[in-house]
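Descriptive analysis of the structure
These are the residues of each chain, in order.
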Amino acid sequence: ASTEIFSRSLVGSVRCVLETDIFDRLRRENLWMAPVASSFVGSLVDTALFFSIAFDGTGLPWVGWGLGDFCAKLLMVGVLLYPFRLLTGFADRPA
């Protein structure tokens, strides 16, 4: 149980640091791209680390589960961040 708690904490920490770094680098250049890119990369790393740590060697079809999880995360990025893009698109236009 302690290994599981450690691995979940590690995955969450890696994702958080990675998303924050990517967001910070991109927000100065393009406001709407920062959350999209950071969410995409963070979700990819989070999914890959979690499923490989949690299910490797179990004989379960964890790769398919991981792909499904990643696709669900991408769907949420699109559904939740597309309206943000529409709103910031108005702010990006010159006056």
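The model shown is predicted, which means the values in this text are computed figures rather than measured ones.

Bringing the side chain of threonine 47 into the picture now. Locating threonine 47 in the fold gives a position in helix H2 (residues 33-55). Residues in contact with threonine 47, not counting those within four places in the same chain, are Gly66, Asp69, Phe70 and Lys73.

Okay, a nonpolar patch on the surface next. Together, Leu75, Met76, Val79 and Leu80 give the surface a local cluster of nonpolar side chains, amounting to about 400 Å² of exposed area. Looking at where leucine 75 falls in the secondary structure, it is placed in helix H3 (residues 62-92).

All right, on to the pattern of salt bridges then. Per the counting criterion, the structure on display carries 4 salt bridges. Across the pair lysine 73 and aspartate 46 runs a salt bridge whose closest N-O atoms are separated by 2.5 Å. With a gap of 27 residues between them, lysine 73 in helix H3 and aspartate 46 in helix H2 connect regions that are remote in the sequence. On the accessibility criterion, lysine 73 (18% relative accessible area) is buried. According to the relative accessible area criterion, aspartate 46 is buried, its value standing at 14%. Here lysine 73 ties to aspartate 69 by a salt bridge, and the two come within 3.1 Å at their closest N and O atoms. With lysine 73 and aspartate 69 both in helix H3 and 4 residues apart, this pair spans about one turn of that helix.

Here the focus is the packing of aromatic side chains. Applying the stated rule across the entire model yields 5 aromatic pairs. Arranged with centres 5.6 Å apart and planes meeting at 65°, the rings of phenylalanine 40 and phenylalanine 70 form a pair that is edge-to-face. Remark: phenylalanine 70 occurs in helix H3 and phenylalanine 40 occurs in helix H2; sequence separation between them is 30 residues. Judged by relative accessible area, phenylalanine 40 falls into the partly exposed class, the value being 38%. Look at phenylalanine 70 and you get buried, because its relative accessible area is 12%. Here phenylalanine 50 and phenylalanine 55 contribute two aromatic rings whose centre-to-centre distance is 6.3 Å and whose plane-to-plane angle is 85°, an arrangement assigned as edge-to-face. Taken together, the ring pairs in this structure connect Phe50, Phe51, Phe55 and Trp65 into an aromatic cluster.

Conventions and cut-offs
- Residues numbered from 1 in each chain as written.
- Predicted model: local features only at pLDDT ≥ 70, side-chain atom pairs only at ≥ 80, totals over all residues.
- Heavy atoms only, no water.
- Helix = DSSP H or I, 4+ residues; strand = E, 2+ residues; numbered from the N terminus.
- Contact = heavy atoms within 4.5 Å.
- Patch = residues over 30% accessible without salt bridge, like charges linked within 9 Å, V, L, I, M, F, W, Y side chains within 5 Å.
- Areas by Shrake-Rupley, 256 points an atom, 1.4 Å probe, with all protein chains shown as cover.
- Salt bridge = Lys/Arg side-chain N within 4 Å of Asp/Glu carboxyl O.
- Buried < 20%, exposed > 50% of the residue type's maximum accessible area, 1.4 Å probe, protein only.
- Phe/Tyr/Trp six-rings, centres within 6.5 Å; stacked < 30°, edge-to-face > 60°.

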